[in-house]
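Residue-level listing of the chains:
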Amino acid sequence: MEQSWIMGLIGGLIIGCAGAVYLLMNGRIMGASGVIGGFIDGSGRNMERGSFLAGLFIVPAILAATVYPSQTNVTSNLFIVAAAGLLVGIGTRIANGCTSGHGVCGISRLSLRGIVATVFYILAGGLTVVLFRHILGVI
């Protein structure tokens, strides 16, 4: 039996623990899009956000290069990957939050807004896969 699901479980536990620690230490939700947005627009440039962002980008890069190289079976077309990243960024601004804010922290706090946002981005992701993979054959 394939054991790759264990890595997803471990990653989910780490993200959940990180969200709880961030909330307990700072009294704020660990929403990555809010942290990134505040850092970019200048409203929240401080050591806390800088450290969070450094860890968000540097640790996965180190792990991918040394311990667990990343593999994807979706596409090797960098244009599609860049377009997908841009659309995710736009979606987080429209939804006023991202999966870490709404999905991890919002649902755990039983926030109706977080639950509704999570339902809609899961549905949108599923419809996107059906459209682009199965109907259009792009990915």
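Residues numbered from 1 in each chain as written. Predicted model: local features only at pLDDT ≥ 70, side-chain atom pairs only at ≥ 80, totals over all residues. Heavy atoms only, no water.

Participant: Would you mind going over unusual backbone geometry with me for this structure?
Facilitator: Where the residue is not glycine, phi is negative for most of them; where a peptide bond is considered, it is trans in most cases. A positive phi angle, close to 60°, is found at Leu110, a residue other than glycine. Looking at the secondary structure, you find Leu110 in the loop between α5 (99-108) and α6 (112-135). (Helix = DSSP H or I, 4+ residues; strand = E, 2+ residues; numbered from the N terminus.)

Participant: Can you walk me through a nonpolar patch on the surface in this structure?
Facilitator: Residues Trp5, Ile6, Met7, Leu9, Ile10, Leu13 and Ile14 make up a contiguous nonpolar surface patch of roughly 660 Å² in combined accessible area. As for its placement among the helices and strands, Leu9 is situated in helix α1 (residues 5-26). On the basis of relative accessibility, which here comes to 44%, the residue Leu9 falls in the partly exposed class. (Patch = residues over 30% accessible without salt bridge, like charges linked within 9 Å, V, L, I, M, F, W, Y side chains within 5 Å. Areas by Shrake-Rupley, 256 points an atom, 1.4 Å probe, with all protein chains shown as cover. Salt bridge = Lys/Arg side-chain N within 4 Å of Asp/Glu carboxyl O. Buried < 20%, exposed > 50% of the residue type's maximum accessible area, 1.4 Å probe, protein only.)

Participant: Could you clarify how one ought to interpret α1 in this entry?
Facilitator: Since the α-helix advances by 3.6 residues per turn, residues separated by three or four positions end up pointing in the same direction. Helix length check: α1 (22 residues) gives 31 Å between terminal C-alpha atoms against 32 Å at 1.5 Å per residue, within 8%. Positive backbone phi, approximately 75°, marks Gly27, located one or two places after α1. (Expected span 1.5 Å × (residues − 1).)

Interpretation note: all reported values are geometric properties and have no functional meaning in isolation.
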